[in-house]
Amino acid sequence: METMTWQNWAGTASADPVRRAWPRSAEEIANAITAAAKDGLTVRALGSGHSFTPAAATSGVALDLSGWAGVIGADLDSGLVTVRSGTTIRDLNAALDTLGLAMANLGDIDAQTVSGAISTGTHGTGAGLGGIATQVTGLQLVLGDGSIVNCSADERPDLFNAARVSVGALGVLSTVTLQCVPAFRLAADERPMPLGEVLDRFGEFAAGNDHFEFYWFPYGKNALVKRNNRLAGGDGPSAMPSWRRFLEYEVMENAAFGALCRTGRAVPATIKPLNRLAAATLSKRTYSAPSHEVFVTPRRVRFVESEYAVPRESLLDVLAELRAGVGRLAHPVMFPVEVRVAAADDVWLSTAYGRDSAYVAIHQYVGLPYTDYFRLFESIATSVGGRPHWGKMHTRDAAYLGHAYPRFPDFLRVRDETDPERRFANPYLTQVFGD
Ligand SMILES: Cc1cc2nc3c(=O)[nH]c(=O)nc-3n(C[C@H](O)[C@H](O)[C@H](O)COP(=O)(O)OP(=O)(O)OC[C@H]3O[C@@H](n4cnc5c(N)ncnc54)[C@H](O)[C@@H]3O)c2cc1C
C-alpha cells in the first residue's frame, strides 16, 4: 500500500495528508478542491518538495501535479510560453531548448516545479534581473470555491500581483505564462579570490556582470567568485568537455565534498581544517554553455538552508557581523555562505520588492547542529530589515513580515477575498500570514 507520508528534500518537514489526488486538468484540480471542501478538509499543492520550510505540508488533501506538466502554448515572436503548473524547471528548459528560447535568469537547481519556484520567490543572481516570478506574465488559478480564474497585469491585476509570490495561499496554479527570451550562451568564469578583495569590489562585480555571485567558506580566506556573462553569437571560451564537467561538478563538488562533510559530521573537530582545505583547493575554470547548463548545478549533498534578502547597501555590514559571529559558535559550520544579487521588483511578496537586494544564504550539512548558527544569522539579517526566502528556514511571523513588506496588507486583503474559508491553510501559512 502506498504510504501517505510526505517529506521534503532536506528532511526538515513531513506531513500525513488524509488523501492525495493526481489531477490532470484545471477541472480535475477544481473537482479535488470541491471534494475536499465537502469533507471539510484543507488542500495544498505539492511541488517537488524542495522547500526547506513546511510550505507544502498538509494534513488535508495533497494535490500531486506531476501528471499535469508540459508546454501548452508558445509564441516564438513574443517569447511567451504557457506551461502546466506541475512542469519541472528541468523539463521546461528542455522544452525551451527545442523552441530556441530560454529563461532570462534561473536559480541553482532545476528540480523544482515552475509553480513551487514562483510561489516561494525562487531566484538566481543578477543585479539587473529579478527572480522567476518577475518572468511571469499570466497565471491561471483554481480558487477555494472551485472557480477557475485568469490573471495578468491587465486582468485582475491585484490578484496577479498577489499570486506571483503567494506560497500557495490563494489557490492552486493550473497554468503559468512565462516571458522567455531567445536562447543564449553564457561565458562562465569561476575563480578563487581573497574574500577581502571580493568585498572591496562587490559593487563593481555586481554592476559589471550579468550574473555575479560568490561562495565563502566560513573559516577559509578565499571566496569562490562566479561571473557569468551573456555571449553574443558563438564567441567566448570553449565548452567544458563532458568528462571535465563530470569530474568538477559530480566528483569534486558532490562526491568529494560529500566525503568531507561526512568526515566533519563524524569528527566535528576536523570541520574547521576541512573547511579551510575546501576553500584552499578551489580552482579556476572558464567555459561556455547554453544558459541553463551554466545556471544549474547538481546538488547531491544534502543540507539545510536559510536565506535572507537584505538591502544591497547593508550586505557588507551583514557579512562582517556574520564573520565575527561564526567564529564564536560552539558548533562549527561545514557549508559555504552564498551571496547573490537581484534588482528591485514590483511583485508584492517578492523578497526583492521595491529594493535592490543582496541575498545571503547560509547552509549546514544535514545532521550537524545548525540552530545557533541560523539564529545568529537571522538576528543579523532582521536587524537590517531582511526578508526571509519563503522556502528556506526562518522563524519570522506575520507581525514581522507585515513590516518588511509594504504591500502585505494588500496581499492579506486579496487572500481574504479569494480564500475566505482558508481552504489552503496550513500551519506555515498561519505563521507567516496569520489566521
Ligand atoms: C538543493 C536546493 C537548491 C535550491 N536552490 C535555490 C536557488 O538557487 N534559488 C532559490 O531562490 N531557491 C532555491 N531553493 C529553494 C527552492 O527553489 C524553493 O523552495 C521552491 O519552492 C521549491 O520548489 P518545489 O517545486 O520543490 O516546491 P515545494 O517546495 O514543493 O512547494 C513550495 C510551495 O509552492 C506551493 N505550490 C506548489 N505548486 C503549486 C501550485 N500548482 N499552485 C499553488 N501553489 C503551489 C506549495 O504548496 C508550497 O507552498 C533550493 C532548494 C534546494 C533544496
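See the structure above.
The numbers attached to residues start from 1 for each chain and follow its sequence in the written order. Local features in a predicted model are, by the rule used here, given only for residues with pLDDT of at least 70; side-chain atom pairs are given and counted only at 80 or more, and totals for whole chains, interfaces and linings are based on all residues. Water and hydrogen atoms were dropped before computing side-chain values, which therefore reflect all heavy atoms in the structure.

So, on to the site of the ligand. Proximity criterion: a residue is near a molecule or strand once any of its heavy atoms comes within 4 Å of it. The environment of the ligand is formed by 36 residues, the closest being Ala 45, His 50, Ser 51, Thr 113 and Thr 120. Gly 47 has a polar backbone atom sitting 2.9 Å from an oxygen atom of the ligand. Polar contacts, as used here, are pairs of N or O atoms within 3.5 Å; protein pairs need one atom able to donate a hydrogen and one able to accept it. Residues neighboring in sequence count only if both atoms are side-chain atoms. Between the ligand and Gly 49, the relevant distance is 2.9 Å, taken from an oxygen atom to a main-chain nitrogen or oxygen of the residue. Computed with a 1.4 Å probe, the accessible areas rest on the Shrake-Rupley method; for each residue, only the protein chains presented here act as cover. Taken by itself the ligand offers 970 Å² of open surface, and the protein chains cover 98% of this. At the level of secondary structure, the elements contributing two or more residues to the shell around the ligand comprise strand E4 (43-46), helix H3 (114-119) and strand E11 (172-179). Class assignment for the residues of the shell around the ligand results in 12 nonpolar, 19 polar and five charged. Under the scheme used here, helices are H or I runs from DSSP no shorter than 4 residues and strands are E runs no shorter than 2 residues, and both carry numbers assigned from the N terminus. Residues are sorted three ways: Asp, Glu, Lys and Arg are charged, Ala, Val, Leu, Ile, Met, Phe, Trp, Tyr, Cys and Pro are nonpolar, and all the rest, Gly among them, are polar.

Let us now look at the pairing of E11. Taking burial as the measure, the eight residues of E11 include seven buried ones, the bulk of the element. Whether two strands pair comes down to DSSP finding at least two bridges between them. Two elements, strand E7 (residues 80-84) and E11, share five bridges in a ladder whose sense is antiparallel. Across the sheet, residue Val 81 finds its bridge partner in E11, namely Leu 178. Note: strand E9 (residues 136-142) against E11, six bridges, orientation antiparallel. Its bridge partner being in E11, Val 136 is matched across the sheet by Leu 178. Only protein chains enter the accessibility calculation, which uses a 1.4 Å probe; a residue is then buried when its area is under 20% of its type maximum, exposed when over 50%, and partly exposed in between.

Further remarks concern the packing of aromatic side chains. The aromatic pairing rule takes the rings of Phe, Tyr and Trp, using the six-membered ring of Trp, and pairs them if the centres are within 6.5 Å, calling planes under 30 degrees apart stacked, those over 60 edge-to-face and the rest tilted. According to the stated counting rule, one finds 14 aromatic pairs in the structure shown. Considering the side-chain rings of Tyr 308 and Phe 377, the 5.7 Å spacing of their centres and the 80° angle between planes classify their relative orientation as edge-to-face. Highlighted residues: Tyr 308 in strand E17 (residues 303-311) and Phe 377 in helix H11 (residues 371-383), separated in sequence by 69 residues. Taken individually, Tyr 308 and Phe 377 each receive the classification buried, so the pair is uniform in this respect. A centroid spacing of 6.1 Å and a plane angle of 45° characterise the contact between Phe 408 and Phe 433, whose relative ring orientation is tilted. Pair noted here: Phe 408 is in helix H13 (residues 408-418) and Phe 433 is in helix H14 (residues 427-433), with a separation of 25 residues, a long-range link. Exposure class is identical for Phe 408 and Phe 433. Each is buried. An aromatic cluster is defined as three or more aromatic residues linked by ring pairs; in this entry it consists of Trp 390, Tyr 405, Phe 408, Phe 411 and Phe 433. If you follow Arg 396 out to its NZ or CZ, it ends over the ring of Tyr 400, 4.9 Å from the centre. For a lysine, the NZ atom is tested; for an arginine, the CZ atom; a charge sits over a ring if that atom is within 6 Å of the ring centre and within 35 degrees of the ring normal.

Before going further, it helps to spend a moment on the sheet that holds strand E18 (residues 337-342). Sheet architecture is open: eight strands sit in the order E16-E13-E15-E14-E18-E19-E17-E20, paired in antiparallel fashion. Of all strands in the sheet, those bounded by a partner on one side alone are strand E16 (285-290) and strand E20 (387-388). Any two residues whose heavy atoms approach within 4.5 Å at even a single point are treated as in contact. With axes taken as lines fitted to C-alpha atoms, and helix axes fitted only over the stretch in contact, angles between N-to-C directions fall between 0 and 180 degrees. Along the sheet face, helix H10 (residues 315-326) touches strand E14 (211-216), E17, E18 and strand E19 (357-365) and points at about 20° away from the line of E19.

What follows covers the state of the cysteines. Working definition: a disulfide is two cysteine sulfur atoms within 2.5 Å of each other. Summed over all chains, the structure comprises zero disulfides. With no disulfide of its own, Cys 151 has Cys 180 as its nearest cysteine by sulfur position, at a separation of 18 Å.

What follows covers empty space enclosed by the protein. The rule is simple: put a 1 Å grid over the protein atoms alone, call a set of points where a 1.4 Å probe fits but cannot get out a cavity, call an open set with protein on both sides within 12 Å along at least five of seven lines a pocket, and count a residue as lining if it has an atom within 4 Å of a point. Grid points are joined across faces, edges and corners, and a volume is the space filled by probe spheres set on the points. The tally for this structure, following the rule as stated, stands at three cavities of 30 Å³ or more. The computed volume of the largest cavity comes to approximately 140 Å³. Put simply, the parts of the chain that give the lining of the largest cavity at least two residues each are E14, strand E15 (222-231) and helix H9 (291-295). For the lining of the largest cavity, the element with the highest residue contribution is E14, accounting for three residues. Taken together, the residues that form the lining of the largest cavity break down as five nonpolar, seven polar and six charged.

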